[in-house]
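If you want the building blocks of each chain, they are given just below.
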Amino acid sequence: MTSQDIAAAGTFRLGDRTVNRLGYGAMQLAGKGVFGPPKDTDAALAVLRAAVDAGVNHIDTSDFYGPHITNQLIRQALHPYVKDLTLVTKIGALRGADASWNPALSADDLAHAVHDNLRNLGLDVLEVVNLRVMFDVHGPAEGSIEAPLTALVELQRQGLVRHIGLSNVTRTQITEGRGIASIVCVQNQYNLAHRGDDELIDELAAAGIAYVPFFPLGGFTPLQSTALSNVASQLGATQMQVALAWLLQRSPNILLIPGTSSVAHLRENIAAASLRLPGHALAALEEIRAAA
């Protein structure tokens with residue numbers, strides 16, 4: 001597993017940085033339900049170090065993973081950070097004592113979240129901060145984002161944030177957001193079965209804005225598909241590798257952040273960078289969209 005492997009996926013611009021399109025999502029490093037510490041701290045640290053050693057230079061995280069745990073692990077494993085490593089975090093939620101996910105979109109909430117991320121990551125400025133819109137915990141819901149985004153822009157003006165992205169948002173909110181701030185990325189759910197953002201991805205690509213899909217294999221309920229299983233078997237790959245390769249071929253502005261707490265699984269994910277899906281495989285995978 002080398003940086004040459006990951007380079008096969010190509011690169012894309014994210015803010016001021018050019019990052020490899022296959023990155024790493026740190027959410028799974030926290031405990032069960034993304035809450036509390038990991039079962040094996042040493043294993044979590046090893047995954048982070050292995051990712052960077054393999055050429056990952058885009059890590060997605062948040063201080064509400066744990067909470068605080070994931071960012072503290074990243075700092076312990078990787079600080080001082082290599083020059084080209086881009087850490088992307090998100091704000092807009094707080095965790096309850098019962099592990100619930102709760103909106104935290106007031107100006108004070110967002111300011112506290114930025115400072116928490118800075119402290120726990122050991123940074124003076126956050127490279128990219130995604131505003132996670134929490135009007136509905138389960139998915140995007142309409143509503144104006146002017147107030148929270150304006151508060152984030154103020155934190156950017158103060159020099160605490162370099163670039164701003166949006167997460168869990170509708171097309172209307174993205175349009176509103178681009179009228180308030182320069183948006184460098186959008187992070188929404190998107191995969192073989194969940195393809196509501198198809199047109200949006202193409203629009204963002206034309207504007208040079210990165211699209212970062214989460215849950216590439218369906219999220220907490222993994223996608224079960226005979227078509228996906230058959231294609232993976234035919235290509236001698238895992239279902240996750242096929243799902244990631246499909247996303248990489250879908251559009252050049254797609255940046256992947258698959259998460260894992262296993263070095264072995266990390267190696268499998270990175271191998272997807274060089275997997276090319278032939279036409280017959282792409283056609284077969286369209287069955288998943290039709291069935292969704």
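Scroll up to find the structure this text is about.
In this report, we go over the structure that sits alongside the text.

Calculation criteria
Residues numbered from 1 in each chain as written. Predicted model: local features only at pLDDT ≥ 70, side-chain atom pairs only at ≥ 80, totals over all residues. Heavy atoms only, no water. Salt bridge = Lys/Arg side-chain N within 4 Å of Asp/Glu carboxyl O. Helix = DSSP H or I, 4+ residues; strand = E, 2+ residues; numbered from the N terminus. Buried < 20%, exposed > 50% of the residue type's maximum accessible area, 1.4 Å probe, protein only. Polar contact = N/O pair within 3.5 Å; in protein donor to acceptor, adjacent residues only side chain to side chain. Contact = heavy atoms within 4.5 Å. Pairing = 2+ DSSP bridges. Right-handed = clockwise from strand over helix to strand, strands pointing away.

### Structural notes on the pattern of salt bridges
Tallied over the entire structure, the rule returns 12 salt bridges. For Glu199, the salt bridge identified is with Arg171, shortest N-O distance 3.8 Å. Remark: Arg171 occurs in helix 6 (residues 171-178) and Glu199 occurs in helix 7 (residues 198-206); sequence separation between them is 28 residues. Exposure remark for Glu199: the relative accessible area of 57% places this residue in the exposed category.

### Overview of the side chain of Asn253
Relative to the assigned elements, Asn253 resides in the loop between helix 9 (239-250) and helix 10 (263-271). Residue classification places Asn253 among the buried positions, given a relative accessible area of 0%. Within the structure, the side chain of Asn253 is placed 2.5 Å from the side chain of Ser251, a separation counted as a polar contact. Setting aside anything within four residues of it in sequence, one finds Asn253 in contact with Phe12, Ile201, Leu204, Ala205, Ile209, Ala210 and Tyr211.

### A few points about the pairing of strand 9 (residues 161-167)
By the criterion of burial, strand 9 is predominantly enclosed, with six of the seven residues buried. Of the pairings in the sheet, the one linking strand 8 (residues 126-132) to strand 9 comprises six bridges and is parallel in character. What sits directly across from Leu131, in strand 9, is Leu166. A crossover links strand 8 with its parallel partner strand 9, the connecting element being helix 5 (residues 146-157), and its sense is right-handed. In the sheet, strand 9 pairs with strand 10 (residues 183-187) via four bridges, with the strands oriented parallel. Each residue of the ladder has a partner; that of Leu166, found in strand 10, is Val186. Once the chain exits strand 9 it traverses helix 6 before rejoining the sheet at strand 10, and the crossover so formed is right-handed.

### Some points on unusual backbone geometry
Here the residue pair Gly66 and Pro67 is connected by a cis peptide bond, since its omega of -10° sits within 30 degrees of zero. Tracing the backbone shows Pro67 in the loop between strand 4 (58-60) and helix 3 (69-78). Located in the positive-phi region is Asn168, a residue other than glycine, with phi close to 60°. Looking at the secondary structure, you find Asn168 in the loop between strand 9 and helix 6. For Asn168, a relative accessible area of 3% puts it in the buried group. Backbone geometry places Phe215, a non-glycine residue, at a positive phi of 60°. Residue placement: Phe215 occurs in the loop between strand 11 (210-211) and helix 8 (226-235). A residue is classified by how much of its surface remains accessible, and Phe215, at 24% relative accessible area, is partly exposed.

### Observations regarding the environment of Gln76
Following the sequence through the fold, Gln76 ends up in helix 3. In the structure, Gln76 is positioned 187 residues away from Val263 in sequence and 17 Å away in space, judged by C-alpha atoms.

### A closer look at the pairing of strand 2 (residues 17-20)
Direction of pairing for strand 1 (residues 11-14) relative to strand 2: antiparallel, over a ladder of four bridges. Opposite Arg13, over in strand 2, you have Thr18 as the bridge partner. In this structure, the hairpin formed by strand 1 and strand 2 is closed by a connection of two residues, where Gly15 is found at a positive phi of approximately 65°.

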